[in-house]
Amino acid sequence: MKKVIIVDDSIAVARQLEKIINSCDDFYVVAQGRNGAEAIKLYRQENPDIVCMDMNMPVMDGLSALRSLCMAWPEVNVVMITSLGGVGDKYSEAIKLGARDVIGKPFDAESVIKTLQRIA
Amino acid sequence: MAVKFFGQFLIEQGAINHLSLLKAISLQEETNRKIGAVVYEMEMMSQVNIAKVHQSQRNADTRFGDKAVEMGFLTHEQLQQALVRQRNSHIYIGEALVKVGALSKEGLERYLLKFKEDQKPYAVEKVEIPKGISNQEIWEMVADLTKKMLVRVADISFRPGPCQIIDNLPSRTMVAEIGFSGSVSARYLLTSSQNSRNFIARAILQEDDIEHEPIAILDDSVMEFINIVCGNIAAKAAQSGFQINISPPKTHQQSEHGIAVPEKHTGLMFPIYLSDGEVFELAIFVKDDPL
């Protein structure tokens, strides 16, 4: 089973995502963070296979965290799950920085699982 | 189920891959020049004056062209000429994908039609905004998309009331807020009655029974709901050439006096009536343009 960390400032979203991911036999959620700085700390601690991360977060936003993660660990698999997925500049910046995919919010369980299975 | 940009739609459809999209975006970045570069090329402004406008923009949410006119470096006519030149040389992502060989012309036409169909539920419908408020099309978009997402995401049936100008937003169970910056400067606020908060929480948590959920989770659900709405507003605004940045959401707890519209702002309020008689509101505190 592949290890996943979720980084989202919304507890409600993180809970919903955890439920979706844990419902699939291929993945399990090992930790949750609430901002980009926590994403970096958790990645170092947990060495997950996949990071599911929001963009619009306090303290350190998702794109800054993505930049830091990709510089420190070029092999990192990050999926951005964000309400800003439909903003062309944000979407392309995430892909340029090294995100493996971008899922827009609101999301459905099927698209989340399909995306994780594709990149895992 | 969200506002998308065309490149994202094509990836979802399997028509292109991320690499082709990045190639097309690079071509767009090389071809589509900013208005400052266009006025320099047309010898309307010097590099020194362009730098002065950029410096001045750091303290105001004003577009380059409007700021340059305000500072006396361009006339309205010159700005119009430059905007026409900029528009004529602009290439859209679809054309760029054809130019880099990722999509055929026929494929582009076919997928544009599919994209239009996919995004039909998010076409902006007319919302009356009081005269004299700048950037009316953005506030129309904000009001209309909020109402659409209350129906589509939160599954709320309601009757919208007409837009009113207010000095004070009434006190409700809670208020969630997101800041807008970029092409516009404003505060987006959604008040919640107990029932509307419960509707939204059920939808965000995807659970029917929320009776035992702590208030913090219910409030968090409303914050996430406005985060989704405002992200989709930013995407829709980008399609019309506006850049809207959104701040992380925050909440205001119930206060006796509500929330006063700050000085140098105009308060727009859109009441939303639920069938059980409860009311909640969308409000936008729009920062007034400097005179």
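Remember, it's a predicted structure, so these values are computed and weren't measured experimentally. Each residue is numbered by its place in its chain's sequence as written, counting from 1. The naming scheme follows written order: chains are lettered A onward, ligands numbered 1 onward. Note on the predicted model: pLDDT of at least 70 is required for a residue's local features to be given, and 80 or more for side-chain atom pairs to be given and counted; whole-chain, interface and lining totals, by contrast, use all residues. Hydrogens and water molecules were not included; the side-chain quantities draw on all heavy atoms of the structure.

1. Some words on the interface of chain A and chain B
Listed by partner, the interface residues are 28 residues for chain A and 35 residues for chain B. Each partner contributes to the roughly 2500 Å² buried at the junction of chain A and chain B, and carbon and sulfur atoms together form 56% of this total. When residues of chain A are sorted by the area they lose upon contact with chain B, Arg15(A), Asn56(A) and Pro106(A) head the list and together hold 22% of the total. Each salt bridge in this description consists of a side-chain nitrogen of Lys or Arg and a carboxyl oxygen of Asp or Glu lying within 4 Å of one another. Taken together, the connections running from chain A to chain B amount to 5 salt bridges. One salt bridge in this structure joins Lys105(A) and Glu224(B), with 2.9 Å as the shortest N-O distance. The contact rule is simple, with two residues in contact once any of their heavy atoms fall within 4.5 Å. Buried area adds together the accessible area that both of two parts lose upon being put together, with accessible area traced by a 1.4 Å probe.

2. As for the environment of His212(B)
Think of it this way: any DSSP run of H or I at least four residues long counts as a helix, any run of E at least two long counts as a strand, and we number them from the N terminus. Mapped onto the elements of the fold, His212(B) is located in the loop between α10 (194–205) and α11 (215–239). As for His212(B) and Ile35(B), which are separated by 177 residues in sequence, their C-alpha atoms are 55 Å apart.

3. Concerning the packing of helix α1 (residues 6–13) of chain B against helix α8 (residues 105–118) of chain B
Residue and element names in this part refer to chain B. Between α1 and α8, whose axes approach to 11 Å, the crossing angle comes to 100°. Considering the angle they form, α1 stands roughly perpendicular to α8. Taking contact as the criterion, the partners of Phe-6, Phe-9, Leu-10 and Gln-13 in α1 are, on α8, Leu-108, Tyr-111, Leu-112, Lys-114, Phe-115 and Asp-118. Along the lines of polarity and charge, the residues of the contact of α1 with α8 split into 7 nonpolar, 1 polar and 2 charged. Simply put, an axis is a line fit to the C-alpha atoms, just over the touching stretch for a helix, and the angle between two N-to-C directions goes from 0 to 180 degrees. Here roughly perpendicular refers to angles of 65 to 115 degrees, roughly parallel to angles under 35, roughly antiparallel to angles over 145, and oblique to all remaining angles. For this scheme, ten residues count as nonpolar: Ala, Val, Leu, Ile, Met, Phe, Trp, Tyr, Cys and Pro. Four count as charged, namely Asp, Glu, Lys and Arg, and the remainder, Gly too, count as polar.

4. Focus on the nonpolar core
If you look at the biggest cluster of nonpolar residues, it comprises 100 residues, and the most contacted ones within it are Met53(A), Trp139(B), Phe180(B), Tyr188(B) and Phe225(B). Tallying contributions element by element places α11(B) first for this core, with 13 residues. Segment limits for the domains were obtained from an automatic or database-derived domain assignment. Taken domain by domain, this core gets at least three of its residues from each of domain 1 (6–120) and domain 2 (126–287) of chain B. Buried residues of nine kinds, namely Ala, Val, Leu, Ile, Met, Phe, Trp, Tyr and Cys, make up a nonpolar core once their side-chain atoms join them within 4.5 Å. Relative accessibility thresholds used throughout: buried, under 20% of the residue-type maximum; exposed, over 50%; partly exposed, between the two (1.4 Å probe, protein chains only). Formed by 20 residues, the second largest nonpolar core is a distinct cluster that contains Ile50(A), Val112(A), Ile113(A) and Leu116(A).

5. A short note on the sheet that holds strand β3 (residues 50–53) of chain A
Residue and element names in this part refer to chain A. Between any two strands, at least two bridges found by DSSP are needed for them to pair. Overall, parallel pairing links the 5 strands, which are arranged β2-β1-β3-β4-β5 in an open sheet. Each edge of the open sheet carries a strand with a single partner, namely β2 (27–33) and β5 (101–104). When strand polarity is set aside, the average angle formed by the axes of neighbouring strands in this sheet is 20°. Bridge analysis of β3 against strand β4 (residues 78–82) gives 3 bridges, and the strand direction is parallel. Bridging from a neighbouring strand, Cys-52 pairs with Val-79 of β4. Running at roughly 175° to β5, helix α5 (residues 109–119) makes contact with β2, β3, β4 and β5 of the sheet.

6. Some remarks on α1(B)
Judged by how many residues are buried, α1(B) sits mostly within the fold: 6 of 8 residues are covered. Considered for burial, the residues of α1(B) that qualify are Phe6(B), Gly7(B), Gln8(B), Phe9(B), Leu10(B) and Ile11(B). Residues of α1(B) that are buried make contact with α4 (88–97) of chain A together with α2 (18–31), α7 (93–99) and α8 of chain B. Gly14(B) sits one or two positions beyond α1(B) and adopts a positive phi of about 80°.

7. Considering the domain arrangement of chain B
All names here are of chain B. Partitioning chain B into domains gives domain 1 (6–120) and domain 2 (126–287). Between domain 1 and domain 2, the C-alpha centre-to-centre distance is 30 Å. Across the contact, 4 residues belong to domain 1 and 7 residues belong to domain 2. Approximately 400 Å² of surface area, both sides summed, lies buried where domain 1 meets domain 2, with 31% of it carried by carbon and sulfur atoms. At the boundary of domain 1 with domain 2, the tally comes to 0 salt bridges.

8. Comments concerning the pattern of salt bridges
One pass over the full model with this rule turns up 21 salt bridges over all chains. Ionic pairing is found between Glu207(B) and Lys19(A), a salt bridge with its closest N-O pair at 3.1 Å. Pair noted here: Glu207(B) is in the loop between α10 and α11 and Lys19(A) is in helix α1 (residues 11–22), and the two residues belong to different chains. Glu93(A) is the salt-bridge partner of Arg67(A), the closest N and O atoms lying 3.5 Å from each other. You can see Arg67(A) sitting in helix α3 (residues 62–72) and its partner Glu93(A) sitting in helix α4, a full 26 residues away along the chain. Each of the salt bridges in this network shares a partner with another, and the network as a whole consists of Asp8(A), Asp54(A), Lys105(A) and Glu224(B).

9. So, helix α9 (residues 136–152) of chain B
In this model α9(B) runs 24 Å from its N-terminal to its C-terminal C-alpha over 17 residues, within 8% of the 24 Å that 1.5 Å per residue would give. By the criterion of burial, α9(B) is predominantly enclosed, with 13 of the 17 residues buried. Here a helix's expected span is defined as the number of its residues, less one, multiplied by 1.5 Å.

10. Points about the packing of aromatic side chains
How two aromatic rings sit relative to each other is given by the distance of their centres and the angle of their planes. Side-chain rings of Phe, Tyr and Trp, where Trp is taken by its six-membered ring, are said to pair if the distance between their centres is within 6.5 Å; with planes under 30 degrees apart they count as stacked, over 60 as edge-to-face, and otherwise as tilted. Tallying each qualifying case throughout the model produces 5 aromatic pairs over all chains. With a centroid separation of 4.7 Å and an interplanar angle of 50°, the aromatic rings of Tyr43(A) and Trp73(A) are classed as tilted. Here the residue Tyr43(A) occupies a position in helix α2 (residues 36–46), and Trp73(A) occupies one in the loop between α3 and β4, the gap between them amounting to 30 residues. Classification of Tyr43(A) as buried rests on a relative accessible area of 4%. Among the residues examined, Trp73(A) registers a relative accessible area of 18% and is labelled buried. Note on Tyr91(A) and Phe5(B): the rings are 5.2 Å apart at their centroids and 70° apart in plane angle, and the pair reads as edge-to-face. You can see Tyr91(A) sitting in helix α4 and its partner Phe5(B) sitting in the segment before α1, one on each of two chains.

11. Thoughts on the state of the cysteines
By disulfide we mean two sulfur atoms from cysteines, separated by a distance within 2.5 Å. As enumerated under the stated definition, the model contains 0 disulfides over all chains in all. Unpaired in terms of disulfides, Cys70(A) finds its nearest cysteine sulfur in Cys52(A), a separation of 14 Å. The exposure class assigned to Cys70(A) is buried, which follows from its relative accessible area of 14%. Not part of a disulfide, Cys230(B) finds its nearest cysteine sulfur in Cys163(B), a span of 16 Å.

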